[in-house]
Amino acid sequence: ALGGFDGDQVLSSTEIFNAETGTWSPGPEMTTPRTNHRAAWLNSENIFISGGFDGVAETASCEILNVVTGESVAVAPMGTARASHVLLMGPIDAGTWPMPMVAGGFNAAAGFQLASTERYDAFSDSWESVGDLPVARDNFAGMSGLGGGLVTGGRVFNAEANLFEGLSEGAWFDGEAEEWVAFDMTSPHSYHNMAGGVNGSPWVVMGGADQT
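Predicted, not measured: the structure shown is a model, and the values here were computed from it. (Residues numbered from 1 in each chain as written. Predicted model: local features only at pLDDT ≥ 70, side-chain atom pairs only at ≥ 80, totals over all residues. Heavy atoms only, no water.)

With respect to the overall build of the chain
Right, so step 1: When helices and strands are counted, the chain shows zero helices and 20 strands.
Right, so step 2: Compactness check: the chain gives a C-alpha radius of gyration of 17 Å against a globular reference of 17 Å for 212 residues, within 12% of the reference.
Right, so step 3: With the C-alpha coordinates aligned to their principal axes, the bounding extent of the chain is approximately 50 × 45 × 35 Å.
Right, so step 4: Taking all 212 residues of the chain together, the buried fraction comes to 42%. (Helix = DSSP H or I, 4+ residues; strand = E, 2+ residues; numbered from the N terminus. Rg over C-alpha atoms; globule rule 2.2 N^0.38 Å. Buried < 20%, exposed > 50% of the residue type's maximum accessible area, 1.4 Å probe, protein only.)

Re unusual backbone geometry
Right, so step 1: We note that Ser84 has phi near 55°; this positive angle belongs to a residue other than glycine.
Right, so step 2: As for its placement among the helices and strands, Ser84 is situated in the loop between β7 (71-75) and β8 (86-93).
Right, so step 3: Take Ser84: its relative accessible area is 7%, and that puts it in the buried class.
Right, so step 4: For Asn162, which is not glycine, the phi torsion reads 55° and is therefore positive.
Right, so step 5: Along the chain, Asn162 falls in the loop between β16 (155-158) and β17 (163-174).
Right, so step 6: Given a relative accessible area of 60%, Asn162 falls into the exposed group.

Some remarks on the packing of aromatic side chains
The description of two aromatic rings rests on the distance between their centres and on the angle between their planes.
Right, so step 1: Scanning the model with the defined rule gives seven aromatic pairs in all.
Right, so step 2: Here Phe106 and Phe112 contribute two aromatic rings whose centre-to-centre distance is 5.7 Å and whose plane-to-plane angle is 45°, an arrangement assigned as tilted.
Right, so step 3: Since its relative accessible area comes to 18%, Phe106 is described here as buried.
Right, so step 4: Among the aromatic residues, those joined into a cluster by ring pairs are Phe48, Tyr120 and Trp127.
Right, so step 5: The positively charged end of Arg137 is found above the aromatic ring belonging to Phe140, 5.9 Å away from the centroid.
Right, so step 6: In this arrangement the basic side chain of Arg155 is found over the ring face of Phe164, its NZ or CZ atom lying 3.8 Å from the centre. (Phe/Tyr/Trp six-rings, centres within 6.5 Å; stacked < 30°, edge-to-face > 60°. Lys NZ or Arg CZ within 6 Å of the ring centre and 35° of its normal.)

Overview of the nonpolar core
Right, so step 1: With 15 residues, the main nonpolar core has Phe48 and Trp127 as its most contacted residues.
Right, so step 2: Those elements giving two or more residues to this core turn out to be β6 (62-66) and β8.
Right, so step 3: Look past the residues within four positions of Trp127 in its chain and what remains in contact with it is Phe48, Cys62, Ala76, Pro77, Met78, Pro100, Val102, Glu118, Arg119 and Tyr120.
Right, so step 4: One finds Val130, Val151, Ala171 and Phe173 within the second-largest nonpolar core, a separate group that totals twelve residues. (Core = buried A, V, L, I, M, F, W, Y, C linked by side-chain atoms within 4.5 Å. Contact = heavy atoms within 4.5 Å.)

Shape is all these values report; function is a separate question.
See below:
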């Protein structure tokens with residue numbers, strides 16, 4: 001468990017669950033408080049954490065948390081601060097590290113929903129911009145695979161109706177062309193989840209909201 005909001009403040013604390021004993025214990029402190037952030041395993045010891053809301057504004061900060069040493073180290077910040085985004089793990093580079101990629105999200109100071117996509121290079125500790133999503137969105141789902149990554153749905157603002165709507169569109173990232181390719185879904189989804197795509201299994205989109 002990494003950060004979050006306890007009803008009073010945004011947290012930087014983490015907790016680690018021991019499946020053998022069925023108990024939780026305190027983990028390393030993150031370098032900054034975060035909620036609506038994203039995290040994914042880099043390898044068996046390290047977790048990559050990106051963005052989120054730090055209690056004041058969306059943050060561009062990122063860090064790598066080592067569950068063995070109990071330390072968390074800040075890495076280069078993203079080019080754009082974002083929360084409620086998607087974090088994908090790209091192909092292994094030089095046989096060592098996957099390449100984290102962030103897409104979309106929310107930034108109140110940058111026009112709310114974002115379309116931008118950035119990829120992190122661990123060797124140079126830097127971010128580079130890659131192709132934008134077909135539609136700016138936040139609160140959507142994504143998974144690595146298909147040579148890059150797949151995202152589904154998301155939340156967009158309908159100014160005429162004065163409400164947020166779910167998207168009935170997904171997109172997959174073509175790693176060779178380094179661009180997003182849109183596809184239609186049968187119904188709109190936001191605040192949802194997805195699973196699948198492993199060893200040829202189907203992609204499954206689950207629940208969410210069509211309007212908020």
